[in-house]
Amino acid sequence: MVVTHGDSHEMCSAVGVVDRLSDAMKAKLRSHDLRAMQAGGGGDVARFVCGFMVCDPLLCSPIFRSLPPAFKVNLRTDPAGHWLENLLLHLVEEASSGRVGSEAVPAKMSEALFVDTLRRYLAGLPKQEVGWLAAARDPIIRKSLMLLHSRTAHPWTLAELAKQVGSSRSALVERFTRYLAESPIAYLMRWRLQLAARALGSTSRGVADIAEEVGYESEAAFNRAFKREFGSPPARCRREQRAAPHKLELT
């Protein structure tokens, strides 16, 4: 079960069951103590493995906007799911082992677990589903996204992109609009600005340098586009991000 945006939630054996967490257990959860804990009132034993991951809100927004608030996948639908179960068990062992690297190893293993969970969720999406993950199943859109993300600053035109992916311009626009509700070039412009916003918050480089790196030849054009997207100019955005990290919102 994945709670995509970190929303508050409760797990219980039935609707209306009283919360019986002690103050000590609540303090343990608030402190992100990953060691195993036991609790309960004598009923059947249930075991839960819980964890969390933090992703860059700007760079991951295309994916997370296409996910529901929560979703579940079944690890036992194919033989490959057994390695995920074993991975979970190993994560629990590593988290409480105290061995050298007991924090770094679970972090990397959690990334692999999350990626595979997304793959399983994607495989179960209905054909009529839309959004970034559903778009990635389409071979033409997938190749387009790979090109746009790997060569973001390239002066792409619709004609060149369509030629690169083996599609007509009209068909490419139709597919993009169907899955992502915008054209390929509009998607590219939004992605460039997201990269720029991240660079503003994580580096001290000048606005002109960042604008050029993401594909803008004119700093003035970059400033106008940035303000349309985020509601404030780059310099103010930088100050706001440093004052309150991860609070930047897309308009």
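Residues numbered from 1 in each chain as written. Predicted model: local features only at pLDDT ≥ 70, side-chain atom pairs only at ≥ 80, totals over all residues. Heavy atoms only, no water.

(A) Geometry of the overall build of the protein chain. When helices and strands are counted, the protein chain shows 12 helices and two strands. Shown N-terminal to C-terminal, the secondary structure of the protein chain runs as helices and strands in the order β-α-α-β-α-α-α-α-α-α-α-α-α-α. Considered along the principal axes of its C-alpha atoms, the protein chain spans approximately 65 × 45 × 40 Å. Out of the 251 residues belonging to the protein chain, those deemed buried represent 32%. Taking the intrachain contacts of the protein chain between residues at least 6 apart in sequence as the baseline, contacts between residues at least 24 apart amount to 59%. Within the structure as shown, the protein chain displays about 16400 Å² of accessible surface, and the carbon and sulfur contribution to it stands at 55%. (Helix = DSSP H or I, 4+ residues; strand = E, 2+ residues; numbered from the N terminus. Buried < 20%, exposed > 50% of the residue type's maximum accessible area, 1.4 Å probe, protein only. Contact = heavy atoms within 4.5 Å. Areas by Shrake-Rupley, 256 points an atom, 1.4 Å probe, with all protein chains shown as cover.)

(B) Structural view of helix α12 (residues 234-243). When α12 is considered as a whole, its buried residues turn out to be Pro234, Cys237, Arg238 and Gln241. Each buried residue of α12 sits inside an arc of 100° when the element is viewed along its axis, so together they form one side. Exposed and facing more than 90 degrees away from the buried side of α12 are Arg239 and Ala243. Buried residues along α12 sit against α9 (184-202), α10 (207-213) and α11 (219-230). (Arc of directions from axis to C-beta.)

(C) Spotlight on unusual backbone geometry. The backbone phi angle of Ala181 is positive, close to 60°, even though this residue is not glycine. For Ala181, the location among the structural elements is in the loop between α8 (169-180) and α9. Given a relative accessible area of 66%, Ala181 falls into the exposed group.

(D) Structural context of a nonpolar patch on the surface. Taken together, the side chains of Leu21, Leu29 and Met37 make up a nonpolar region of the molecular surface, amounting to roughly 250 Å² of accessible area. In this fold, Leu21 is placed in the loop between β1 (2-3) and α1 (23-30). Using a relative accessible area of 35% as the deciding quantity, one classes Leu21 as partly exposed. (Patch = residues over 30% accessible without salt bridge, like charges linked within 9 Å, V, L, I, M, F, W, Y side chains within 5 Å. Salt bridge = Lys/Arg side-chain N within 4 Å of Asp/Glu carboxyl O.)

(E) Spotlight on the pattern of salt bridges. For the coordinates displayed, the defined rule picks out six salt bridges. The partner of Asp116 in a salt bridge is Arg120, and the shortest N-O contact between them spans 2.7 Å. Within this pair, Asp116 and its partner Arg120 are both found in helix α4 (residues 104-123), separated by four residues, close to a single helical turn. Side by side, Asp116 and Arg120 carry an identical accessibility label, which is buried. Across the pair Glu229 and Arg190 runs a salt bridge, and its minimum N-O distance is 2.8 Å. Note that Glu229 is positioned in helix α11 and Arg190 in helix α9, a separation of 39 residues in sequence.

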